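The lines below spell out each chain.
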Amino acid sequence: MKRRTHRLNRLRAALKVLAALAIASCIWLPCMHLIFRSQVSHFRQSRRISNRARELAAAQIEVWSNPKVGTSQMRELRKINPEWDFMSRTYLVLSPANMALRDQNYRKTACDAMDSIIDDTLMHERKSTFYYYLLPYAHDERWEVKDARSIFVDGEIALMLASRRMVKDKSAYKPLLEKRVDTMIAQMRASPVLCAESYPDECWIFCNTIALAAIRMSDVLDGTDHSEFLTTWVSTAKKKLIDPKTGLLISAFAVDGRPAPCGAGVEGSSIWMASHMLQIVDEKFARQQYRFARKTLGDSILGFGYAREWPRGSKAGLDIDSGPIAPLLEISPSSTGLAAIAAGAFDDDEFYQGILASIELGALPVKHHGKLRYGVSNQVGDAVLLYAMTEGPLWNAVQKRTH
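The sections below set out a description of the structure shown in this document. This is a predicted model, so every value here is computed, not measured.

Brief notes about the overall build of the protein chain
Now for step 1: When you go through the protein chain residue by residue, the secondary structure sums to 17 helices and 6 strands.
Now for step 2: Every one of the 403 residues in the protein chain was classed for burial, and the buried ones make up 54%.
Now for step 3: Counting contacts in the protein chain only where the partners sit at least 6 residues apart, residues at least 24 apart contribute 70% of the total.
Now for step 4: Accessible surface computed for the protein chain: about 18,700 Å², of which carbon and sulfur atoms make up 56%.

Okay, here's the thing in structure tokens:
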């Protein structure tokens, strides 16, 4: 009898513990995001550079100012994907440009960093051609448009040159930007959908919208007028490059506009950045694309924001752009990082806060001597996050000088 009573007491005690844990979970799990969810101003501010952005920028710029740090990091990045080396350069030019426009005291630091990155980027392109920044399969197939070029490389270099000149004009970069813009437009006009190849017979919406933004910036800087081309591009895209199920721009397609076998229709790693680039080309269309992307790919759980790479039910397979996908929720780190850029660009503070809360929880931020890195990220991932924390002034300057 005593043994039975003892067992019942133990069972009751265990049930009380389980009940307490259940109650605690019901109370604390929905609130856990509050521990990691900071105000937007913790990451980005309208009139000054946030401390978080300064710390992240310091670590990023060290890659270019300290050869011991930079050489090894860039070498490791290129082993995985030469595109990431290139894209990290682009975001690390865009970010200091925004920081300098937000805080004039940061101008010299920003210009020195941008010049170092741009000059090194151009040097490698001259030495090894645009293939230096492409995956090996770029050599395997035939480019459809004569005088092969990659709009991936041309567009991002043009964007770097234009961004640097928006902060403080540099005469040496003016003819380089003019030539690059003329080349891009000629390549894009060779396609019935006004999109140039990133890889042989592969046009990527990510790359072509970056080119459009660079063209718009060059008009602002040099008094040229490509507005008719930009308007026609948007009109053509609406007719020929929209996924009928989601209303979103498709990510990859052939020169003639046919969806590419390599693509998966709509991809988060493309559309978030594309919608942001289109803000200075056609703001209404850009906002519509963001709204559709938010509905199709954006989500949250317990206050933590995230984004999927593909719409629910998509049969697309993993690739180097999508990266690993978390099961069940289908969380894509790549899409989520780029969604932070778009959420900030379109003033979607709730989604932006949720994404940054997820990053603060899962990306393992590490601070050392005033420099911030994310432990589960890499050079390009941190560069994307830095841009998400600094964007705004550059696009505002373009819009202001357009009107």
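Once the structure has been displayed, the description carries forward.
Notes on the pattern of salt bridges
Now for step 1: If you walk through the whole model with that rule in mind, you get 23 salt bridges.
Now for step 2: Put simply, arginine 149 and aspartate 154 hold a salt bridge, and the shortest N to O gap is 2.6 Å.
Now for step 3: Residue classification places arginine 149 among the partly exposed residues on the basis of a relative accessible area of 27%.
Now for step 4: On the basis of relative accessibility, which here comes to 2%, the residue aspartate 154 falls in the buried class.

So, the packing of helix α14 (residues 333-345) against helix α15 (residues 349-362)
Now for step 1: Viewed as axis vectors pointing N to C, α14 and α15 meet at an angle of 150°, and their least axial separation amounts to 8 Å. Comparing the axis directions of α14 and α15 gives the class roughly antiparallel. Relative to α15, α14 is oriented so that their crossing is left-handed. On α15, the residues that touch Thr336, Ala339, Ala340, Ala343 and Gly344 of α14 are Phe351, Tyr352, Ile355 and Leu356.
Now for step 2: Its residues assigned to classes, the contact of α14 with α15 comprises 7 nonpolar, 2 polar and no charged.

A short note on the packing of helix α4 (residues 51-65) against helix α16 (residues 379-390)
Now for step 1: Two numbers describe how α4 lies on α16: the axes approach to 10 Å, and their chain directions differ by 140°. Regarding α4 and α16, the two cross each other, and that crossing is left-handed. Across the interface between the two elements, Arg52, Ala53, Leu56, Ala57, Gln60 and Val63 of α4 pack against Gln379, Asp382, Ala383, Leu385, Leu386, Met389 and Thr390 of α16.

A word on the nonpolar core
Now for step 1: Ranked by internal contacts, the top residues of the largest apolar core, which has 129 residues, are Tyr91, Leu159, Met188, Met217, Trp233, Leu241 and Trp272.
Now for step 2: Element by element, the count of residues in this core is highest for helix α10 (residues 205-222), at 12 residues.
Now for step 3: Ignoring anything within four residues of it in the chain, the contact list for leucine 241 reads Val193, Cys195, Ile205, Thr236, Leu248, Leu249, Ile250, Phe253 and Gly257.

Digging into the pairing of strand β4 (residues 304-307)
Now for step 1: Alternating positions in β4 separate into two faces, Phe304 and Tyr306 on one and Gly305 and Ala307 on the other, with burial throughout.
Now for step 2: The turn joining strand β3 (residues 298-301) and β4, which pair antiparallel and follow one another in sequence, is formed by 2 residues; a positive phi near 55° is taken by leucine 302.

Focus on the packing of aromatic side chains
How two aromatic rings sit relative to each other is given by the distance of their centres and the angle of their planes.
Now for step 1: Applying the stated rule across the entire model yields 11 aromatic pairs.
Now for step 2: Each ring, one from tyrosine 91 and one from tyrosine 387, has its centre 5.9 Å from the other, and the planes form 45°; the classification is tilted. With a gap of 296 residues between them, tyrosine 91 in helix α6 (residues 82-102) and tyrosine 387 in helix α16 connect regions that are remote in the sequence.
Now for step 3: For tyrosine 91, a relative accessible area of 2% puts it in the buried group.
Now for step 4: Their ring planes at 10° and their centres at 4.4 Å tell us that tyrosine 137 and tyrosine 199 sit as a pair that is stacked. Placement of tyrosine 137 in the loop between α7 (107-128) and α8 (151-167) and of tyrosine 199 in the loop between α9 (174-189) and β1 (203-204) is noted, with a sequence separation of 62 residues between them.
Now for step 5: Judged by relative accessible area, which is 31%, tyrosine 137 ranks as partly exposed.
Now for step 6: We classify tyrosine 199 as buried; its relative accessible area is 3%.

Examining the environment of glycine 223
Now for step 1: Locating glycine 223 in the fold gives a position in the loop between α10 and α11 (227-240).
Now for step 2: Sequence separation of glycine 223 and threonine 402 is 179 residues, and the distance between their C-alpha atoms is 9.8 Å.

Brief notes about the environment of serine 116
Now for step 1: The topology assignment puts serine 116 in helix α7.
Now for step 2: Taking the C-alpha atoms as reference points, serine 116 and serine 65, separated by 51 residues in sequence, lie 8.6 Å from one another.

Reading the values: the criteria
Residues numbered from 1 in each chain as written. Predicted model: local features only at pLDDT ≥ 70, side-chain atom pairs only at ≥ 80, totals over all residues. Heavy atoms only, no water. Helix = DSSP H or I, 4+ residues; strand = E, 2+ residues; numbered from the N terminus. Buried < 20%, exposed > 50% of the residue type's maximum accessible area, 1.4 Å probe, protein only. Contact = heavy atoms within 4.5 Å. Areas by Shrake-Rupley, 256 points an atom, 1.4 Å probe, with all protein chains shown as cover. Salt bridge = Lys/Arg side-chain N within 4 Å of Asp/Glu carboxyl O. Axes fitted to C-alpha atoms, helices over the stretch in contact; angles between N-to-C directions. Parallel < 35°, antiparallel > 145°, perpendicular 65-115°, else oblique. Left-handed = near helix turned anticlockwise from the far one by under 90°. Nonpolar A, V, L, I, M, F, W, Y, C, P; charged D, E, K, R; others polar. Core = buried A, V, L, I, M, F, W, Y, C linked by side-chain atoms within 4.5 Å. Pairing = 2+ DSSP bridges. Phe/Tyr/Trp six-rings, centres within 6.5 Å; stacked < 30°, edge-to-face > 60°.

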